[in-house]
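# Remarks on the overall topology
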Amino acid sequence: SSLNRQFLLQGGGVSLLVKMMECHMNHPEIQKSGCEVLASIADGGMECKIAVAECGGILSVMKAVELYPENDVVLRAAYQALRKLGYNPGAKSK
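To start, this report covers the structure provided alongside it. This is a predicted model, so every value here is computed, not measured.

### Considering the environment of Cys55
Among the structural elements, Cys55 can be located in the loop between α4 (46–54) and α5 (57–67). Taking the relative accessible area as the measure of exposure, Cys55 reaches 27% and is therefore partly exposed. When the C-alpha positions of Cys55 and Glu70 are compared, they lie 26 Å apart, and in sequence the two are 15 residues distant. If sequence neighbours within four positions are ignored, Cys55 has contacts with Val14, Ser15 and Val18.

Below, the structure written as structure tokens:
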């Protein structure tokens, strides 16, 4: 919900989530869940997308992809997060 997003943004929750993903790189379940939460936060609008990016969220998502290239569950969550953050590989540049 938008209220939960605001609590996470104002309370340092995004930074904590990114740190948790960094500390538990050997746990694909945590990487998947972290990507899902980052996607949910980024779905809150431009302010939320910027907050995720500034806290290192994009790098954490990319690291999850790098660590688990064969794990479909992690990859789906990571690509969802990247889409919510604005990544669109099919978009034509002007």
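### Section: the state of the cysteines
Tallied over the full model, the rule gives zero disulfides. For Cys23, which is in no disulfide, the shortest distance to another cysteine sulfur is to Cys55 and amounts to 15 Å.

### Here's the deal with the nonpolar core
In this structure, Val14, Cys35, Leu38, Ile41, Val52, Val61 and Ala78 are the most contacted members of the largest nonpolar core, which totals 21 residues. Counting residues per element, the ones that place at least two in this core are α2 (13–23), α3 (28–42), α4, α5 and α6 (72–84). Of all the elements, α6 adds the most residues to this core, at six residues.

### A look at α5
Taken as a whole, α5 has its buried residues at Gly57, Ser60, Val61, Ala64 and Val65. Seen from one end, α5 has its buried residues packed into an arc of 145°, which puts them on one side. What points out from α5, more than 90 degrees from its buried face, is the exposed set Leu59 and Glu66. On the buried face of α5, the contacting elements are α2, α3, α4 and α6.

### Points about the packing of α3 against α4
With their axes 7 Å apart at the nearest point, α3 and α4 run at an angle of 140° to one another. Residues Leu38, Ile41 and Ala42 of α3 lie in contact with α4, whose contacting residues are Cys48, Lys49 and Val52.

### A word on the pattern of salt bridges
Tallied over the full model, the rule gives three salt bridges. We note a salt bridge from Lys32 to Glu36, for which the minimum N-O separation is 3.1 Å. Highlighted residues: Lys32 and Glu36, both in helix α3, separated by four residues, approximately one helical turn. Under the relative-accessibility criterion, Lys32 is labelled partly exposed at 22%. Among the residues examined, Glu36 registers a relative accessible area of 33% and is labelled partly exposed. Put simply, Lys63 and Glu66 hold a salt bridge, and the shortest N to O gap is 3.2 Å. Linking Lys63 with Glu66, this pair stays in helix α5, spanning three residues, or about one helical turn. According to the relative accessible area criterion, Lys63 is partly exposed, its value standing at 28%.

So, how was this worked out
Residues numbered from 1 in each chain as written. Predicted model: local features only at pLDDT ≥ 70, side-chain atom pairs only at ≥ 80, totals over all residues. Heavy atoms only, no water. Helix = DSSP H or I, 4+ residues; strand = E, 2+ residues; numbered from the N terminus. Buried < 20%, exposed > 50% of the residue type's maximum accessible area, 1.4 Å probe, protein only. Contact = heavy atoms within 4.5 Å. Disulfide = S-S within 2.5 Å. Core = buried A, V, L, I, M, F, W, Y, C linked by side-chain atoms within 4.5 Å. Arc of directions from axis to C-beta. Axes fitted to C-alpha atoms, helices over the stretch in contact; angles between N-to-C directions. Salt bridge = Lys/Arg side-chain N within 4 Å of Asp/Glu carboxyl O.

By themselves, these observations are geometric and do not establish any function.
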